[in-house]
Amino acid sequence: MICRGFGVPRSAALFLPIAGLTVASCGSEESVATTHVRARSDVIKPSRRQSPVYLPFDERADAAKRRVARVLPAASVDHGYDGEDQIDAWRVVYRVSLLLGGASPHAPPAPAAELYVDLSRDRLRARFVGAGWPGVEGAEVRMRADQSGAYVFDRRGGRPLGPGQLGSWFMGGRLRKPPTYRVWSTRANSRVPGILLCRFIAEWVQTTPEGVERRCEHGGAPPKFRVGLWRAERTAEVSVSLPRSGLRADHRRGPKSVSDVRSGTFYSRDVIGRLTGKPVGEEPLTLTNRTGARLVVMLERTPLGWVDDAERLVVSGLPHGHHRVAGLRAFGQRFSWARRVVVPGSVIAE
């Protein structure tokens, strides 16, 4: 018998201790190769400081239903920012990268991911810009100083998020354990009123805001911060004049368009083929995500692409044969490591 997805004798099928996984599915050599990857069943207890997370609607709802974009009302209408009069505000831009060591020597620079933050002293809007983001490109987060939580626009429409829910939104599923984070002190080199920006970071990593806000209290916007394996470095900070409605923090006047994409690769087909240092292949590798959260797909230690829960990612360009493919959660926590998968073939992560 030949184990599908490995091309090795059944007795040599691998147990994967890193994620507590077993890969098994055997059949004839002529059948399509499929690797099944399962997550550990242990449950991580939340921190005592962590508030319970209740998503406003089921993140694992039927895919057909999720295709209907809905804009749900905010907890309250932001009448304080109704007008079109010009107000003074600030725009801070961060360049964001995924920190991974030991990437393929054939890998080109990772695609750009940027975070654009517009804010006044009591309102904030953060926009996720660039193809380097997994699943949230074009999304917009709105916050106000006098209310906890946030309002988010993404491909599913718009909806309010309670305290601690922004991290689960970024994960594309329930966040069982808050990610590690770090905020670099500003040392008074920024004119931006940064307390609300630091509260945005606290919401993102699902922690209490007091400790994070102290980093921004006197010096403004932090020069750098890290959430999970995502590192942001400030590249621009300018004062701007915006219409008051341009910073309203409710469901009205949402972004004109948000990309309706459920999976994607970070590189073109030709570049993916060159990641292995071998000729570009013709057959696809299909990865189906049934893990309950968004996955970043890795080839060796190079980010290859991403796929939302209950969706498929089709990768073209990999040479025929066996490749090492891994899965990371959106914050960078390791989910699984399928030591070898075969191309052409498929991987089912569940």
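Relevant structure appears above.
Nothing here was measured: the structure is a model prediction, and the numbers come from that model. (Residues numbered from 1 in each chain as written. Predicted model: local features only at pLDDT ≥ 70, side-chain atom pairs only at ≥ 80, totals over all residues. Heavy atoms only, no water.)

With respect to the helices, strands and loops of the structure, Val192 is situated in the loop between β13 (181–183) and α3 (195–204). Spatially, the C-alpha atoms of Val192 and Gly219 are 7.9 Å apart, while their sequence positions differ by 27 residues. (Helix = DSSP H or I, 4+ residues; strand = E, 2+ residues; numbered from the N terminus.)

Attention shifts here to the packing of aromatic side chains. Two aromatic rings are characterised by how far apart their centres lie and by the angle between their planes. Tallying each qualifying case throughout the model produces 14 aromatic pairs. A ring pair is formed by Phe128 and Trp133, whose centres lie 4.9 Å apart and whose planes are at 75°; its orientation type is edge-to-face. For the pair Phe128 and Trp133, one class covers both residues: buried. Taken together, Tyr94, Phe128, Trp133, Trp169, Phe170, Phe200, Trp204, Phe225, Trp230 and Phe331 form an aromatic cluster joined through their ring pairs. Across from the ring centre of Tyr81, 5.3 Å away, lies the NZ or CZ of Arg244, which sits over that ring. (Phe/Tyr/Trp six-rings, centres within 6.5 Å; stacked < 30°, edge-to-face > 60°. Buried < 20%, exposed > 50% of the residue type's maximum accessible area, 1.4 Å probe, protein only. Lys NZ or Arg CZ within 6 Å of the ring centre and 35° of its normal.)

Take the pairing of strand β9 (residues 123–129) next. Taken across its seven residues, β9 has five buried, putting it largely inside the fold. If you look at the hairpin formed by strand β8 (residues 113–119) and β9, you'll find three residues sitting between the two strands. (Pairing = 2+ DSSP bridges.)

Inspection of the secondary structure puts Phe266 in the loop between β16 (263–265) and α5 (269–274). Not counting the four nearest positions on each side in its chain, Phe266 is found in contact with Pro111, Ala131, Gly132, Trp133, Val296, Pro303, Leu304, Gly305 and Trp306. (Contact = heavy atoms within 4.5 Å.)

Turning to the nonpolar core, a few remarks are in order. In terms of nonpolar packing, the biggest core is built from 44 residues, with Leu115, Phe128, Phe200 and Trp204 touching the most fellow members. Per element, the largest residue contribution to this core is seven residues, and it comes from α3. Setting aside its immediate chain neighbours within four residues, Phe128 contacts Glu114, Leu115, Trp133, Val136, Glu137, Gly138, Ala139, Val141, Trp169, Phe170, Phe200 and Trp204. The next biggest cluster of nonpolar side chains, apart from the first, holds 26 residues, and it includes Leu275, Leu285, Val296 and Val307. (Core = buried A, V, L, I, M, F, W, Y, C linked by side-chain atoms within 4.5 Å.)

On the basis of which strands lie adjacent, the open sheet formed by 10 strands has the order β6-β12-β11-β10-β9-β8-β7-β15-β14-β13 and mixed pairing. Looking at strand neighbours, the two that pair on one side only are β6 (70–71) and β13, the edges of this open sheet.

Attention now goes to the pattern of salt bridges. Summed over the entire model, instances satisfying the criterion amount to 22 salt bridges. One salt bridge in this structure joins Glu282 and Arg269, with 3.1 Å as the shortest N-O distance. In this pair, Glu282 is assigned in the loop between α5 and β17 (285–289) and Arg269 in helix α5, connecting sequence segments 13 residues apart. The exposed category is assigned to Glu282, whose relative accessible area is 64%. Exposure remark for Arg269: the relative accessible area of 32% places this residue in the partly exposed category. The residue Arg324 makes a salt bridge to Glu300 at a minimum N-O spacing of 3.9 Å. Here Arg324, found in strand β21 (residues 321–329), pairs with Glu300, found in the loop between β18 (295–299) and β19 (302–307); they are 24 residues apart in sequence, far enough to count as distant. According to the relative accessible area criterion, Glu300 is partly exposed, its value standing at 36%. Salt bridges sharing common partners tie together Asp78, Asp122, Arg123, Arg144 and Asp146. (Salt bridge = Lys/Arg side-chain N within 4 Å of Asp/Glu carboxyl O.)

One covalent bond between the sulfur atoms of two cysteine residues makes up a disulfide. Inspection of the entire model under this criterion finds one disulfide. With a sulfur-sulfur separation of 1.6 Å, Cys198 is cross-linked through a disulfide to Cys216. In this structure the cystine formed by Cys198 and Cys216 twists about its S-S bond by roughly 45°; its chirality is therefore right-handed. On the criterion of sequence distance, the pair formed by Cys198 in helix α3 and Cys216 in the loop between α4 (209–213) and β14 (224–227) is long-range, its members being 18 residues apart. (Disulfide = S-S within 2.5 Å.)

Residue Pro344 is bonded to the preceding Val343 through a cis peptide linkage, with omega at 5°. Locating Pro344 in the fold gives a position in the loop between β22 (334–343) and β23 (345–349). Backbone geometry places Arg253, a non-glycine residue, at a positive phi of 55°. With respect to the element layout, Arg253 can be found in the loop between β15 (230–243) and β16. With a relative accessible area of 53%, Arg253 lands in the exposed category. A positive phi is found at Ala310, a non-glycine position, where the angle reads about 65°. Mapped onto the elements, Ala310 comes out in the loop between β19 and β20 (312–315). The class of Ala310 is partly exposed, set by a relative accessible area of 44%.

Before going further, it helps to examine the side chain of Asp250. Positionally, Asp250 belongs in the loop between β15 and β16. Asp250 sits in the buried class, given a relative accessible area of 0%. Among the polar contacts listed, one links the side chain of Asp250 to the backbone nitrogen of Asp78, at a separation of 2.8 Å. In this structure, Asp250 is in contact with Ala74, Ser76, Val77, Asp78, Arg142, Tyr151 and Phe153, ignoring residues within four places of it in sequence. (Polar contact = N/O pair within 3.5 Å; in protein donor to acceptor, adjacent residues only side chain to side chain.)

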